[in-house]
Amino acid sequence: MKPFLAVLTRDMKLATRIGGDSLTVLLFYIMTGAIMPFAIGPDKDQLAQLGPAIIWISALLSLLLALDRLFRMDHEDGSLLAMRQASLPLEMIVVAKICAHWVTTALPLIVATPVLAILLNLEIDQTLRVIFTLLVGTPALICFGAIGAAVTVSIKRGGLIAPILILPLSIPTLIFGVSAVSSGAIANAQDAALLFLAGFTLLSLVFTPFAAALALKMAAE
Amino acid sequence: MTESKSQEPTPQDLGFFSRIAHPGYFLEWSRYFIWPLVGIAAILMAYGLYLAFFNSPADYQQGETVRIMYVHVPSAWLSQFCYAIMAAAAIGSLVWRHPLADVSAKAAAPLGATFTAIALITGALWGAPTWGTFWEWDGRMTSTLIMLFIYLGIIALWRTFEDQVRAGRIIAVITLVGAINVPIIKFSVDWWNTLHQPASVFRLDGPTMPPSILLPLFVMFFAFSFLFLLLHFISMRTEILRRRARAIERQYAQQLRTQKP
Amino acid sequence: MIESGKHLEYIFGAYGLSALLIVLLSIWVVLSYKKQKNRLDTLKAMGLKRRSERTQIKPE
């Protein structure tokens, strides 16, 4: 447990220090959400209807933006290799890094969501629901992002290719996440979507550490 | 100069499966399959096209557009079959680290992408007269589109790696992650689709098909499968040759460097 | 037999585009094979061989 916590706190410190991207990602999230009405128009009802989708898309894009730093720095300066000498298996190191990444990038977005909700004219209960679905769904997004980041870690100029790989894989999260807030007239569809979202997140939490660790091992060979 | 590196095993000392999968031996035996495959694919394709255009009736519901199905369904099948091959090859790359598995996966990706694109194009051209629009966010077509994105992502990944041996293993990981995800994506898209529109859209797969439609479908299905096999074989041979040429060039470059003081 | 005037443009469009894509793919596959074959032949003509072949042929 001690090495796990050590990796966790180290990554959180690095992300929140000067030069860390936490604040940048947060600003990107708010700006992406706030720029949508300029394209859609200021019609309040329309914005309220599209609000959950806008918030989810903004969150998805912001998380993609932050992915590159998940493993790349540590792979290039050799810290990842050093960490593998510890008593902790690489899979658990990946879990620690994912947790730290979620706390330092996804959690600030979720906390700042009410700001976007006000701008997009969302009702209070809908805002709460969006926040709840983001809490449930963002771990899945980060997991797939971690796989993409691990796969592209040894590519020198591969910053752009990871999103191409990750976006198709994050479609289920997007579908269930948005449907859990605003779905059609079908009864119980929202609850079903929320359950699917939770299931998907759990599934991705199970296989991501193994897949990402495997890719990192292959990259270090 | 002494050879410090151990020699690769010659085909003779290996078991049957290792022997047919040995890259050098594969080059030997696959050579004899190329022209027969060309023949089989050409004959089946000609017969299938004859059946499709001259010897099959129009469907009572879809009318003449049912003929598009004879290209659409085999391409859609190949788009999934090709991914299954890539996933199987990915297991071969990761578990046995077999070089031929890498070669097979790399050769399959562009073929899969092309057949997926054909499935999409023919689907759109079928949809235009039937649904009145080229694109409908129908569950099947949407998941085929996502499949195309996954193929293109994998092809892009192959192109960014310098070291193809390492690339094979890393791409195997993302291929397997994709394989786990494809059914989930398909399910989620279907679910999303029923959520947003009533399921009254006329689908490509009618429940009942008369034999006169099934026969050309069957023939075209095999024609496309053999065509795929042929192209896959040639692409695999290409990839093996490319790796050999690269290895020789690298050795030559090393030799030049050691000769110069 | 095919009846004319019933969405023929879509049917021929579908077959035409599929044929085009398949032909382009086949040409690409065959040309890249030829290219690698030539590359390897040029290397062989220069007297360069793979390490395994080289040791088998001239055991010094």
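Rules of the game
- One numbering rule holds for all chains: residues counted from 1, following each sequence as written.
- Whichever chain is written first becomes A and whichever ligand is written first becomes 1, with later ones labelled in order.
- At least 70 in pLDDT is required for a residue's local features to be given in this predicted model, at least 80 for side-chain atom pairs to be given and counted, and no such filter applies to totals for whole chains, interfaces and linings, which use all residues.
- UniProt positions are given in the numbering used here, feature names are shortened, and annotations may be inferred rather than shown by experiment.
- Under the DSSP-based scheme used, a helix requires at least four consecutive residues in state H or I and a strand at least two consecutive residues in state E, with every element numbered from the N terminus.
- Partly exposed residues are those falling between the two cut-offs: more than 12 but fewer than 20 other C-beta atoms within 10 Å of their own, whereas 20 or more means buried and 12 or fewer means exposed, with C-beta atoms placed from the backbone.
- C-beta atoms are placed from the backbone for every residue, and two residues are taken to be in contact when these atoms lie within 7 Å.
- The axes are straight lines fitted to the C-alpha atoms, using for helices just the contacting stretch, and the angles between their N-to-C directions are given from 0 to 180°.
- For any helix crossing, the convention is left-handed if the near helix is rotated counterclockwise from the far helix by under a right angle, and right-handed if that rotation is clockwise.
- Polarity classes work like this: nonpolar for Ala, Val, Leu, Ile, Met, Phe, Trp, Tyr, Cys and Pro, charged for Asp, Glu, Lys and Arg, and polar for all others, with Gly in that last group.
- For this entry, the nonpolar core is defined as buried Ala, Val, Leu, Ile, Met, Phe, Trp, Tyr and Cys residues connected by C-beta atoms within 7 Å.
- To estimate how far a helix should reach, multiply one less than its number of residues by 1.5 Å.
- Throughout, bend refers to the angle between the axes fitted to the seven residues that end at a position and the seven residues that start at it.
- Arc definition: directions from the helix axis to the C-beta atoms.

The name given to chain A in an unreviewed UniProt entry is Heme exporter protein B, with the source organism recorded as Maritalea myrionectae. Here chain A is described in UniProt, under the heading Function (unreviewed entry), as follows: "Required for the export of heme to the periplasm for the biogenesis of c-type cytochromes."

A few words on the overall build of chain B. Check the secondary structure of chain B and you find seven helices and zero strands. Secondary structure elements in chain B, listed N-terminal to C-terminal, are α-α-α-α-α-α-α. Per-residue burial for chain B yields a buried fraction of 45% across its 261 residues. Pairs at least 24 residues apart make up 79% of the contacts formed inside chain B by residues separated by at least 6 positions.

Moving on to the packing of helix 3 (residues 44-66) of chain A against helix 9 (residues 171-179) of chain A. All names here are of chain A. At a minimum axis separation of 9 Å, helix 3 and helix 9 run at an interaxial angle of 145 degrees. Every pair of crossing elements has a handedness; the one defined by helix 3 and helix 9 is right-handed. Between helix 3, through Pro 52, Ala 53, Trp 56 and Leu 60, and helix 9, the contact on the second element is made entirely by Leu 174, Gly 177 and Val 178. A class-by-class count of the residues in the contact of helix 3 with helix 9 yields six nonpolar, one polar and no charged.

Core analysis: the biggest nonpolar cluster contains 142 residues, and Ala 146, Ile 147, Ala 150 and Ala 215 of chain A together with Val 173 of chain B have the highest contact counts within it. Looking at this core element by element, the count peaks at 19 residues for helix 4 (residues 99-131) of chain B. Residue contacts for Ala 150 of chain A: discarding those within four places in its chain leaves Phe 71, Ala 212, Ala 215 and Leu 216 of chain A.

Next up on the list: helix 2 (residues 23-54) of chain B. One turn of an α-helix holds 3.6 residues; hence residues three or four places apart share an orientation. Residue and element names in this part refer to chain B. Here helix 2 is 32 residues long and its end C-alpha atoms lie 44 Å apart, about the 46 Å a rise of 1.5 Å per residue gives. Along its length, helix 2 shows its largest kink, about 35 degrees, at Ser 30. Listing the buried residues of helix 2 in full gives Pro 23, Phe 26, Leu 37, Ala 41, Gly 48 and Ala 52.

The subject of this paragraph is the environment of Gly 39 of chain B. Counting through the fold element by element, Gly 39 of chain B comes out in helix 2. When the C-alpha positions of Gly 39 of chain B and Trp 96 of chain B are compared, they lie 34 Å apart, and in sequence the two are 57 residues distant.

A few words on the interface of chain A and chain B. You'll often see interface size given as the accessible area lost when the parts meet. Opposite the 27 residues of chain A that make contact, chain B presents 22 residues. Sorting elements by how many residues they give to the side of chain A that touches chain B places helix 10 (residues 189-220) of chain A first, with eight residues. Residue composition of the side of chain A that touches chain B, grouped by class: 21 nonpolar, five polar and one charged.

With 35 residues of chain B at the contact, the number on the chain C side is 30 residues. Counting only elements with at least two residues in the side of chain B that touches chain C, the list comes to helix 2, helix 4 and helix 7 (211-259) of chain B. Top element by residues in the side of chain B that touches chain C is helix 7 of chain B. It accounts for 13 residues. Of the residues that constitute the side of chain B that touches chain C, the class distribution is 19 nonpolar, eight polar and eight charged.

So, about the UniProt feature "transmembrane region" (unreviewed entry) in chain A. Here, the residues flagged by UniProt with the feature "transmembrane region" (unreviewed entry) are residues 21-41, 53-71, 92-119, 131-153, 160-181 and 193-216 of chain A. In residues 53-71 of chain A, the share of helix is 74% and the share of strand is 0%. The end C-alpha atoms are 29 Å apart.

On to the environment of Phe 26 of chain B. All names here are of chain B. Within the fold, Phe 26 resides in helix 2. Judged by the 21 C-beta atoms lying within 10 Å of it, Phe 26 is buried. With 138 residues separating them along the chain, Phe 26 and Gln 164 place their C-alpha atoms 19 Å apart.

Moving on, we get to helix 8 (residues 161-169) of chain A. Residues of helix 8 of chain A that are buried: Ala 162, Leu 165, Ile 166, Pro 168 and Leu 169 of chain A. Axial view of helix 8 of chain A: buried residues confined to an arc of 165 degrees, hence all on one face.

This next bit is on unusual backbone geometry. Working note: non-glycine residues mostly have negative phi, and peptide bonds are mostly trans. With a phi close to 65 degrees, Asn 121 of chain A is a non-glycine residue in the positive phi region. Relative to the helices and strands, Asn 121 of chain A is located in the loop between helix 6 (90-119) and helix 7 (124-151). A count of 17 C-beta atoms within 10 Å places Asn 121 of chain A in the partly exposed class. For Arg 97 of chain B, which is not glycine, the phi torsion reads 55 degrees and is therefore positive. Note on placement: Arg 97 of chain B falls in the loop between helix 3 (69-96) and helix 4.

Our focus in this paragraph is the environment of Arg 50 of chain C. Within the fold, Arg 50 of chain C resides in the loop between helix 1 (8-45) and helix 2 (51-57). Given 18 C-beta atoms within a 10 Å radius, Arg 50 of chain C is considered partly exposed. Those residues in contact with Arg 50 of chain C that sit more than four places away from it in its chain are Arg 244, Ala 247 and Ile 248 of chain B.

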